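Inside the fold
Each chain, letter by letter, is given below.
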Amino acid sequence: MNRLQLPMDTMELSFGACSMSVNDDSLNARMDSAWKEILWHADEYQDNAKEGELYKSVPIHDSVLDDPIVVGRLSKGDLVRLYAYHMVQREPGRNVYDRIMVSADGRCPYCSGLGSPRNLDHYLPKSSFPQYSVLPSNLIPCCRDCNMDGKGPGFAKSAEKQVIHPYLDKPHFFEEQWLFAEYHPDENVGVISYFARPPSCWNEVDKERVRTHFSDFLLARRFSDAAAVRLVFLIPQVRTLIAHGLSDGDINECIFQPVTHSPNNANHWERVMYLALMKCSWR
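Residues numbered from 1 in each chain as written. Predicted model: local features only at pLDDT ≥ 70, side-chain atom pairs only at ≥ 80, totals over all residues. Heavy atoms only, no water.

1. Thoughts on helix 7 (residues 204-216)
Applied cut-off: Working definition: helices are DSSP H or I runs of at least four residues, strands are E runs of at least two. Numbering for both runs from the N terminus. Expected span, for any helix, means 1.5 Å times one less than how many residues it has. Each residue gets one of three labels from its accessible area relative to the maximum for its type: buried under 20%, exposed over 50%, partly exposed in between, using a 1.4 Å probe on protein chains only. Here a polar contact means two N or O atoms within 3.5 Å. Within protein one must be a hydrogen donor candidate and the other an acceptor candidate, and residues neighboring in sequence count only if both atoms are side-chain atoms.
Compared with an ideal rise of 1.5 Å per residue, which puts 13 residues at 18 Å, helix 7 spans 18 Å between its outermost C-alpha atoms and is within 8% of the ideal. Along helix 7, the residues classified as buried are Asp 206, Lys 207, Arg 209, Val 210, Thr 212, His 213 and Phe 214. For helix 7, the capping residue at the N-terminal end is Asn 203, with a side-chain oxygen 3.1 Å from the backbone nitrogen of Val 205. Looking one or two places after helix 7, you find Leu 218, whose phi comes out positive at around 55°.

Below, the structure written as structure tokens:
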């Protein structure tokens, strides 16, 4: 839900950097033979991602062969190891990995910065799409919750089941509000509940995509839990100000509006929480 700038490192640079730490002559020869096809797959990936059509990517089928050939003479094992060893563990491939990680500025894009990135997630998993194992635009800085409990190892098989792609998806997913919240007061501090409500003017596929994203990453619970921590400090402060004679308008202007007008994206959980609180009557 956070838009990330497309990595400056291209597939040509990433694949080349990983190949520099390969000492196996046979593997080097196989990589050289696959060079042009690897770059073609990278271009195809980015074209499909911009159109919301990565679900059309065909996964490998390895039920017969333990290590099927994927690109040129490169096997699935070759491409998976290229990421796991020559990108994650060895320089100069590791330098590409690190540049992608820091580009998120410490905020996981899938959950609007609720978590901090701990590793790179393959948007299309390398187990099924090893040709994209070191493609920078397929590598998303991701928090542990989104990587393990949310997106998991699967992939979308239809347009509406695709989660939002932080680098390449359509601008309206980031610029138009589709995340909303309601405040439910009680004798303590109350709770905030979140829900996805995409604009009515969107097409049905895009509407379902944000619902899928919201559901797959368990954002209703995770955002509500984060909001509960804020409410413990925020609601007593509001009640104190009301007791001192401030109006609802004063409260909105002093406490809530600075957050709703912040540069956070339209669907940041905290901004949406404050918009919900602005609708309340505190007297």
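2. Points about the environment of Asp 9
Relative to the elements of secondary structure, Asp 9 occurs in the segment before helix 1 (11-19). Judged by its relative accessible area of 9%, Asp 9 falls in the buried class. Residues Asp 9 and Ser 137 lie 128 residues apart in sequence; the distance between their C-alpha atoms is 8.7 Å.

3. Here's the deal with the packing of aromatic side chains
To be explicit about the condition: Aromatic pairing here means that ring centres of Phe, Tyr or Trp (its six-membered ring) are within 6.5 Å. Orientation follows from the plane angle: under 30 degrees is stacked, over 60 is edge-to-face, and everything else is tilted.
Taken as a whole and assessed by the stated rule, the structure comprises 12 aromatic pairs. The interplanar angle of 80° and the centroid separation of 5.6 Å between the aromatic rings of Phe 256 and Tyr 274 together place this pair among those described as edge-to-face. A residue pair is termed long-range when its members are at least 10 positions apart, and Phe 256 in helix 9 (residues 248-260) and Tyr 274 in helix 10 (residues 269-278) qualify at 18 residues. Among the residues examined, Phe 256 registers a relative accessible area of 0% and is labelled buried. Exposure remark for Tyr 274: the relative accessible area of 8% places this residue in the buried category.

4. Comments concerning the nonpolar core
The line we're drawing: Side-chain atoms within 4.5 Å are what join buried Ala, Val, Leu, Ile, Met, Phe, Trp, Tyr and Cys residues into a set we call a nonpolar core. Any two residues whose heavy atoms approach within 4.5 Å at even a single point are treated as in contact.
Core analysis: the biggest nonpolar cluster contains 80 residues, and Tyr 45, Met 87, Ile 192, Tyr 194, Phe 256, Leu 277 and Trp 282 have the highest contact counts within it. Apart from the residues lying within four places of it in its own chain, the contact partners of Met 87 are Ser 14, Cys 18, Leu 82, Gly 93, Arg 94, Val 96, Tyr 97, Ile 100, Val 134 and Leu 139.

5. Side note on the packing of helix 1 against helix 3 (residues 76-87)
As a reminder of what qualifies: Between N-to-C directions, angles cover 0 to 180 degrees, with each direction set by a line fitted to C-alpha atoms, over the stretch in contact for helices. Throughout, the term roughly parallel applies to angles under 35 degrees, roughly antiparallel to angles over 145, roughly perpendicular to angles from 65 to 115, and oblique to all others. Crossing handedness is read from the near helix: turned anticlockwise from the far helix by less than a right angle, it gives a left-handed crossing, and turned clockwise, a right-handed one. When residues are grouped by polarity, Ala, Val, Leu, Ile, Met, Phe, Trp, Tyr, Cys and Pro land in nonpolar, Asp, Glu, Lys and Arg in charged, and all others, Gly among them, in polar.
One can describe the packing of helix 1 onto helix 3 by two numbers: an axis separation of 9 Å at closest approach and a directional angle of 70°. Judged by the angle between their axes, helix 1 and helix 3 are roughly perpendicular. The element helix 1 and its partner helix 3 pack so that their crossing is left-handed. Packed against helix 1, whose contacting residues are Ser 14, Phe 15 and Cys 18, the element helix 3 presents Leu 82, His 86 and Met 87 at the interface. By residue class, the composition of the contact of helix 1 with helix 3 is 4 nonpolar, 2 polar and no charged.

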